[in-house]
Amino acid sequence: MKSVSMTWLSKTDLANLNSGESVGNVTELKLYANQQKPYVSGQSIRRALFDTVARSNPERFLCSPETPCGDVANCWSCDLRGFLATEKGSSGTRRWSPVKVSPGLGQVESNIVQDLLTRHSEVEKKESEKKDSRIAHVQMTENIYRCNVVLDLANVGIVREPIIEDKKKAKKEEKEEKAKQLVKGYKTTIDIPLEEKVARTHAILDAVYHLNGFAKQARSAASLAPEIMLLAMQDTYNQRGLDVLDLNNQREISVKKLATVLKEHQLLGNKLVVGWTPEMVANEEEILQLFEEYRVPVMTVLEGILWAKEQIRDQV
Ligand SMILES: [Zn+2]
């Protein structure tokens, strides 16, 4: 098994999950589709996801992402987030994250409301002279977001480094050949034990289930935790079919698109389940019937996550 592909829908209450630029004292929403729908950036979802992992496993995070320690064997932050270290002279200063996250796209056009916040503080009262600094506006909206995470299982806890040919020898080569000659291959320099690999991937799956902790949500309970989720265990790494749960304006999933994607998953030999929460999409009956047709087990999201954890435990 090479990857776990997860695409899901999540309904939010009125919230500002990821604000765009603040103009004056208005915190705006990030919008796309001709400013009709809100979105949450991939970076923001990544941060929330890793914060959720870190809250449950604080002792496994040995550094902060701003100053990466680079210890992939022991530090979950460096292994799972990846890093780009700027210090000179040390090898392995860059790592691509094995956790791929796309932006959360609001699926339906919805009204944006502007909430008025006032700040109260006895201490500040005496010092603050400007009245308007104590008032702020935050744009909020409710929506159903579609989010994706693809977990590149084959690269969790693994570091491969290029085998560099002796530079003296390379100097003799033609200039054009030089770049090709320098890297002779790759060697695995870090490969964590299997139990540790399972622990890390399980932690990511748990964090997807619990996903919360968005920047603007310090005091409210908004989350992007999945309510309808398609989980696929894949023998190749790919990011295909991740828009399969997209909704139209009538809050319907496309039956044709879903049938095509399920067929391809089947041909590839991927194992699939769907976690389902009733009354989220308008054409529920039709969609559930299609899952039955393609023999995709329908369960709750938690059962889906537990199934995926079991698959990983058995396979890795
Ligand atoms: Zn680290």
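The preceding data block contains the structure.
A few points on the structure.

What counts, and where the lines are drawn
Residues numbered from 1 in each chain as written. Predicted model: local features only at pLDDT ≥ 70, side-chain atom pairs only at ≥ 80, totals over all residues. Axes fitted to C-alpha atoms, helices over the stretch in contact; angles between N-to-C directions. Helix = DSSP H or I, 4+ residues; strand = E, 2+ residues; numbered from the N terminus. Parallel < 35°, antiparallel > 145°, perpendicular 65-115°, else oblique. Left-handed = near helix turned anticlockwise from the far one by under 90°. Contact = placed C-beta atoms within 7 Å. Nonpolar A, V, L, I, M, F, W, Y, C, P; charged D, E, K, R; others polar. Core = buried A, V, L, I, M, F, W, Y, C linked by C-beta atoms within 7 Å. Buried ≥ 20, exposed ≤ 12 C-beta atoms within 10 Å, placed from the backbone. Expected span 1.5 Å × (residues − 1). Arc of directions from axis to C-beta. Pairing = 2+ DSSP bridges.

Another point: the packing of helix α7 (residues 255–268) against helix α8 (residues 284–293). Contact geometry of α7 with α8 gives a least axis separation of 11 Å together with a crossing angle of 15°. The orientation of α7 with respect to α8, classified from their angle, is roughly parallel. Both α7 and α8 take part in a crossing whose hand is right-handed. Contact residues: V255, L258 and A259 in α7; E286, I287 and L290 in α8. The class makeup of the residues in the contact of α7 with α8 is five nonpolar, no polar and one charged.

With that settled, the discussion passes to the packing of helix α6 (residues 194–210) against helix α9 (residues 301–315). It is the contact of α6 with α9, at a shortest axis distance of 10 Å, that shows an interaxial angle of 170°. Between α6 and α9, the crossing angle belongs to the class labelled roughly antiparallel. Only V301, L302, I305, A308, K309, I312 and R313 of α9 make contact with α6, whose side of the interface consists of V198, T201, H202, L205 and Y209. For the contact of α6 with α9, the per-class residue count stands at eight nonpolar, two polar and two charged.

Counting 61 residues, the largest nonpolar core has L49, V53, I204, V208, M229 and L231 as the members making the most contacts within it. Per-element tally for this core: the top contributor is strand β11 (residues 135–152), with seven residues. With residues near it in sequence (within four places) discarded, L231 still touches V4, M6, L272, V273, G275, G304 and A308.

Over its 15 residues, α9 runs 21 Å from end to end, which matches the ideal 21 Å to within 8%, given 1.5 Å per residue. When we look at burial in α9, the residues that qualify are V301, G304, I305, A308 and I312. One face of α9 carries all of its buried residues, which in axial projection span an arc of 100°. Residues of α9 that are exposed and point more than 90 degrees away from the buried face comprise L302, E310 and D314. Contacts made by the buried residues of α9 are with β1 (3–15), α6, β14 (228–234), β15 (271–275) and β16 (298–299).

With ten of 13 residues buried, β1 lies mostly within the body of the structure. As paired strands, β1 and β14 are joined by seven bridges and run antiparallel to one another. The residue bridging V4 from the neighbouring strand is M233, located in β14. Two strands pair when backbone bridges link them, and β1 and β11 are joined in this way by eleven bridges, in the antiparallel orientation. Bridged to T12 within β11 is N143.

With that settled, the discussion passes to the environment of Q266. Residue placement: Q266 occurs in helix α7. Sequence spacing of Q266 and Y294 is 28 residues, and the spatial spacing of their C-alpha atoms is 8.2 Å.

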